[in-house]
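# Topology and contacts: notes
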Amino acid sequence: MSDSTDAALAAQGDYQAFERLYRRYLSRIYSLCARLSGSAERGTELTEDVFVRTWEELPQFQGQSGFAAWLHRLATDVVVNAGEVERSAASAEAGGSAVDRSNDVASTSPTVERLDLAQGIDRLPTDARTILVLHDVEGYRHEEIAEILGITAGGSKAKLRRARVLLKEALGR
């Protein structure tokens, strides 16, 4: 069945249609959540949150955009909102900004280059990290990102350029 058919059926309470959507998108949503959150464990938790929210919000899905774009937008929102809550709690607990404390650039030896890149991405502001992960890691085209994030394709390109500049700065290059 197609996404739109399964989404319509699931919105009416059809658990089997929802399960088909879940199975179809589980790995991509997990990948997105894990990369945006910077943690496989946190990615698992956020993926669960995304699908709970999906079930709750499916009746509001109008089908104006594709289901995949709608679901990825929902996933991005869940991760971003969770990150804001966590950063706020960490900042209040430590009496300062968690981001400020994490700005020490790690060693740039070849053995830790991948770790440096992951840490560099984790240090980016949420909007920059989101656009970089969607485009450079997940492989979305600017048109798809525009639909997911509710921006223009040109805006996606501009944000990606800025995210890459910030990443280079974070890596000290």
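Note that the structure is a prediction, hence the values are computed from the model and not measured.

A count of helices and strands for the chain gives nine helices and zero strands. When the helices and strands of the chain are listed from N to C terminus, the series reads α-α-α-α-α-α-α-α-α. Every one of the 173 residues in the chain was classed for burial, and the buried ones make up 36%. The contacts of the chain with a sequence gap of at least 6 include a subset with a gap of at least 24, amounting to 55%.

Moving on: the packing of aromatic side chains. Counted according to the given criterion, the structure contains eight aromatic pairs. An angle of 80 degrees between the planes, with centres 6.5 Å apart, marks the rings of F18 and F51 as edge-to-face. Taken as a pair, F18 in helix α2 (residues 15–37) and F51 in helix α3 (residues 40–57) lie far apart in primary sequence, 33 residues in all.

This part takes up helix α9 (residues 153–171). The end-to-end C-alpha separation of α9 is 27 Å, in line with the 27 Å expected for 19 residues at 1.5 Å each. Positive phi appears at G172, one or two residues downstream of α9, with a value of about 70 degrees.

Further remarks concern the pattern of salt bridges. Summed over all chains, the structure comprises eleven salt bridges. The partner of E143 in a salt bridge is R141, with the nearest N and O atoms 3.8 Å apart. Each member of the salt-bridge network shares a partner with another, and the members are D3, D6, R20 and R24.

Here we come to the confidence of the model for the chain. When pLDDT is averaged across the chain, the result is 82; 81% of the residues are at 70 or more. When pLDDT is averaged over each helix and strand of the chain, the minimum, 38, is found for helix α5 (residues 98–101) and the maximum, 95, for α3. Overall, residues 96–112 carries pLDDT values under 50, and its contacts beyond four positions in sequence, including any with other chains, amount to 22 contacts.

Looking at where A158 falls in the secondary structure, it is placed in helix α9. The exposure class of A158 is partly exposed, given its relative accessible area of 36%. Spatially, the C-alpha atom of A158 lies 10.0 Å from that of I131, the residues being 27 residues apart in sequence.

Remark: α2 packs on helix α7 (residues 126–137), axes separated minimally by 10 Å, with the N-to-C direction vectors making an angle of 135 degrees. One finds that α2 runs oblique with respect to α7. Here the hand of the crossing between α2 and α7 comes out right-handed. Residues L32, R35 and L36 of α2 form the contact with α7, whose participating residues are R129, T130, V133, L134 and V137.

So, on to α3. With 18 residues, α3 ought to run about 26 Å at 1.5 Å a step, and its terminal C-alpha atoms sit 25 Å apart, in line with that. Within the span of α3, buried status applies to G43, L46, T47, V50, F51 and T54. Each buried residue of α3 lies within a common arc of 145 degrees when the element is viewed along its axis, so the set occupies one face. Turned more than 90 degrees off the buried face of α3, the exposed positions are E41 and E48. Of the residues that open α3, the one with a side-chain oxygen 3.3 Å from the backbone nitrogen of E41 is S39.

Here the focus is the packing of α7 against helix α8 (residues 142–149). Each packed pair of helices is defined by two parameters, the angle between the axes and the distance between the axes. Orientation of α7 relative to α8, taken along the N-to-C sense of each, is 140 degrees, at an axis distance of 10 Å. Comparing the axis directions of α7 and α8 gives the class oblique. Note that α7 runs across α8; the crossing there is right-handed. From α7, T130, I131, L134 and H135 reach across to α8, where they touch H142, I145 and L149. Classifying every residue of the contact of α7 with α8 by side-chain character gives four nonpolar, three polar and no charged.

Cut-offs applied
- Residues numbered from 1 in each chain as written.
- Predicted model: local features only at pLDDT ≥ 70, side-chain atom pairs only at ≥ 80, totals over all residues.
- Heavy atoms only, no water.
- Helix = DSSP H or I, 4+ residues; strand = E, 2+ residues; numbered from the N terminus.
- Buried < 20%, exposed > 50% of the residue type's maximum accessible area, 1.4 Å probe, protein only.
- Contact = heavy atoms within 4.5 Å.
- Phe/Tyr/Trp six-rings, centres within 6.5 Å; stacked < 30°, edge-to-face > 60°.
- Expected span 1.5 Å × (residues − 1).
- Salt bridge = Lys/Arg side-chain N within 4 Å of Asp/Glu carboxyl O.
- pLDDT = per-residue confidence, 0-100.
- Axes fitted to C-alpha atoms, helices over the stretch in contact; angles between N-to-C directions.
- Parallel < 35°, antiparallel > 145°, perpendicular 65-115°, else oblique.
- Left-handed = near helix turned anticlockwise from the far one by under 90°.
- Arc of directions from axis to C-beta.
- Polar contact = N/O pair within 3.5 Å; in protein donor to acceptor, adjacent residues only side chain to side chain.
- Nonpolar A, V, L, I, M, F, W, Y, C, P; charged D, E, K, R; others polar.

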